[in-house]
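Geometric and topological summary
So the chains spell out like this:
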Amino acid sequence: MASTSCTALKVLAASVAVANRSGTIIRKILSSGNLGIVEKENKNDLQTEADRAVQRCIVSSLTHQFPQLTIIGEEDNLNEMATADKEYLETSLAEEVLKESCPAEYTEAKESELVVWVDPLDGTAEFTQGLLDHVTVLIGLAWQGKAIAGVVYQPYFNYQTPGAELGRTLWGMIGLGTFGLGNTEPPTEGNIITTTRSHSNPTVVDSVKACEPTEVVRVGGAGHKVLLLLDGLVHAYVFGSPGCKKWDTCAPEVLLRAKGGRLTDMHGNDLKYHKDVQHKNTGGVLATLKADHDWYLARIPESVKQALPETQVKSATK
Ligand SMILES: Nc1ncnc2c1ncn2[C@@H]1O[C@H](COP(=O)(O)O)[C@@H](OP(=O)(O)O)[C@H]1O
Ligand SMILES: [Mg+2]
Ligand SMILES: [Mg+2]
Ligand SMILES: [Mg+2]
């Protein structure tokens, strides 16, 4: 099989398997009733036992199988202990990924050149408030500074539909496509914009307003907001703030771009995912699937752009 010699596809297959395993961990912790909530930088920046356990699971599982990867996760101080964490070791590879052929441009990508951006639980604020379908697990793979593959796992998809299967896995690779989706056609009328529910500020408000929405959908999670685009429920995701990080955007960006969409900062620049890049997406986030991305870019006020400088990379050669 062509895929067996493609490291990027193998790492993606392992990421899909471990993302599925993460769902079991998150659901078990929520049903235990003890979320172990910790405030990080401020009261709007929370971490739960699910964030910690899932990061340990993902980092230990990927490190065990691919020791030369660079893995950068949201939750600090967990990576070292994760290598010794046998409880959470997931070593399977997702067959549905392995059966695909590696796009020619990635056959040369070496394990030591791949950077994996991990958000063990995106939408933590909403998770603690019981808005469970806002939660996703995000694992994105970057090579030569570009997002090339990723998985978005939504552990509580369908949780309000009795009898329906709980959870869904969406994965993709640039050049291969996005898998696990249904309808992606946007609403035929209006200009529906999704943005943050729990991290708003004046530049967030100004950028949304300038894009002339007919409706604003305020929900949690960068992953969840990109799923709204991919499910054809909104036209654009507009976030005029430096609060989102590379682990929030890497995997969702792949799923969008592999379907022909775009995800840029507020200046229209592509985001960079080199291992030594600044973690914050300082230029904000603008994402579209079928809508005219440049139309939204043209409406972002100069004052917002000035407040959101482009992200710096220490060395763009890695
Ligand atoms: N001002 C801010 N401070 C900290 N994190 C922020 C932030 N703005 C956005 N984020 C992070 O970006 C992600 C999407 O934010 P939002 O749901 O508000 O759109 C969340 O990821 P996590 O839930 O993984 O921490 C959130 O924490
Ligand atoms: Mg967080
Ligand atoms: Mg996040
Ligand atoms: Mg998170």
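Just so it is clear, the structure is predicted and the values come from calculations on it, not from any experiment. (Residues numbered from 1 in each chain as written. Chains lettered and ligands numbered in written order. Predicted model: local features only at pLDDT ≥ 70, side-chain atom pairs only at ≥ 80, totals over all residues.)

A few words now on the domain arrangement of the protein chain. Much of the literature gives interface size as the accessible area that the parts lose upon coming together. Entries for the protein chain in the domain assignment read domain 1 (2-177) and domain 2 (192-307). Computed from C-alpha coordinates alone, the two centres of domain 1 and domain 2 are separated by 21 Å. The interface is formed by 36 residues belonging to domain 1 together with 26 residues belonging to domain 2. Contributing elements (two or more residues each) for the side of domain 1 that touches domain 2: β3 (70-73), β4 (115-122), α5 (124-128), β5 (136-143), β6 (146-154) and β7 (168-173). (Domains from an automatic or database assignment. Contact = placed C-beta atoms within 7 Å. Helix = DSSP H or I, 4+ residues; strand = E, 2+ residues; numbered from the N terminus.)

Here 6 strands make up an open sheet; going across it, the order is β3-β4-β5-β6-β7-β8 and the pairing mixed. In this open sheet, the two strands that pair with only one neighbour each are β3 and β8 (177-179). Neighbour-to-neighbour, the strand axes of this sheet turn through a mean angle of 15 degrees, independent of strand direction. As paired elements, β5 and β6 share 7 bridges and run antiparallel to each other. The partner of G140 across the bridge, within β6, is G150. Seen against the sheet, helix α1 (residues 7-32) touches β4, β5, β6 and β7 and runs at an angle of roughly 25 degrees to β6. (Pairing = 2+ DSSP bridges. Axes fitted to C-alpha atoms, helices over the stretch in contact; angles between N-to-C directions.)

So, on to the site of ligand 1. Residues in contact with ligand 1 amount to 17 residues; listed here are only the nearest, T124, T196, H199, G220 and G243. Counted by class, the shell around ligand 1 contains 2 nonpolar, 10 polar and 5 charged residues. Mapped onto the domain boundaries, the shell around ligand 1 takes at least three residues apiece from domain 1 (2-177) and domain 2 (192-307). (Near = placed C-beta within 6 Å. Nonpolar A, V, L, I, M, F, W, Y, C, P; charged D, E, K, R; others polar.)

Once that is clear, we can look at the confidence of the model for the protein chain. The predicted model of the protein chain averages 94 in pLDDT, with 94% of residues at 70 or higher. Confidence metrics for the complex model read pTM 0.96 and ipTM 0.98. (pLDDT = per-residue confidence, 0-100.)

Within the secondary structure layout, S241 lies in the loop between β11 (236-239) and α8 (246-257). A tally of 23 C-beta atoms within 10 Å means that S241 is categorised as buried. As a C-alpha pair, S241 and A19 span 222 residues in sequence and 28 Å in three-dimensional space. Apart from residues no more than four positions distant in its own chain, S241 is found in contact with H199, N201, T203, V204 and G284. (Buried ≥ 20, exposed ≤ 12 C-beta atoms within 10 Å, placed from the backbone.)

A8, L12, V116, L141 and I148 are the most contacted members of the largest nonpolar core, which has 92 residues in total. By residue number, the principal contributor to this core is α1, which donates 14 residues. Among the domains, domain 1 (2-177) and domain 2 (192-307) are the pair contributing at least three residues each to this core. Sequence-distant contacts of V116, that is, excluding residues within four places in its chain, are made with L62, L69, T70, I71, I139 and L141. (Core = buried A, V, L, I, M, F, W, Y, C linked by C-beta atoms within 7 Å.)

What follows is about the UniProt feature "binding site: Mg(2+)" (unreviewed entry) in the protein chain. Those places that UniProt annotates as "binding site: Mg(2+)" (unreviewed entry) correspond, in this numbering, to E74, D119, L121, D122 and D248. On the basis of their most widely separated C-alpha atoms, the annotated residues across 175 residues gather in one place, lying no more than 9.6 Å apart. Along the polypeptide, E74 turns up in the loop between β3 and α3 (79-82). Discounting chain neighbours no more than four positions away, the residues touching E74 are V118, D119, P120, K245 and W247. Looking at the element boundaries, D119 is found in strand β4. D119 has contacts with E74, L138, W247 and D248, leaving out every residue within four places of it along the chain. (UniProt positions renumbered as here; feature names shortened; annotations may be inferred.)

Before going further, it helps to spend a moment on helix α2 (residues 49-65). With 17 residues, α2 ought to run about 24 Å at 1.5 Å a step, and its terminal C-alpha atoms sit 24 Å apart, in line with that. α2 sits mainly inside the fold: 13 of its 17 residues count as buried. (Expected span 1.5 Å × (residues − 1).)

As a further point, take the environment of S101. Inspection of the secondary structure assignment puts S101 in the loop between α4 (95-98) and β4. Between the C-alpha atom of S101 and that of E302, which follows or precedes it by 201 residues, the distance is 44 Å.

Turning our attention to the pairing of β6. Of all 9 residues that make up β6, 8 are buried, and the element is covered over most of its length. Bridge count for β6 against β7 is 6 bridges, and the pairing is antiparallel. Looking at the pairing, Q154 lines up with R168 of β7.

Right, let's get into unusual backbone geometry. The residue Q144 is not glycine, and still its phi comes out positive at about 55 degrees. Residue placement: Q144 occurs in the loop between β5 and β6. Residue classification places Q144 among the partly exposed residues on the basis of 15 C-beta atoms within 10 Å. Even without being a glycine, E212 presents a positive backbone phi close to 55 degrees. Structurally, E212 can be placed in the loop between α6 (202-210) and β10 (215-219).

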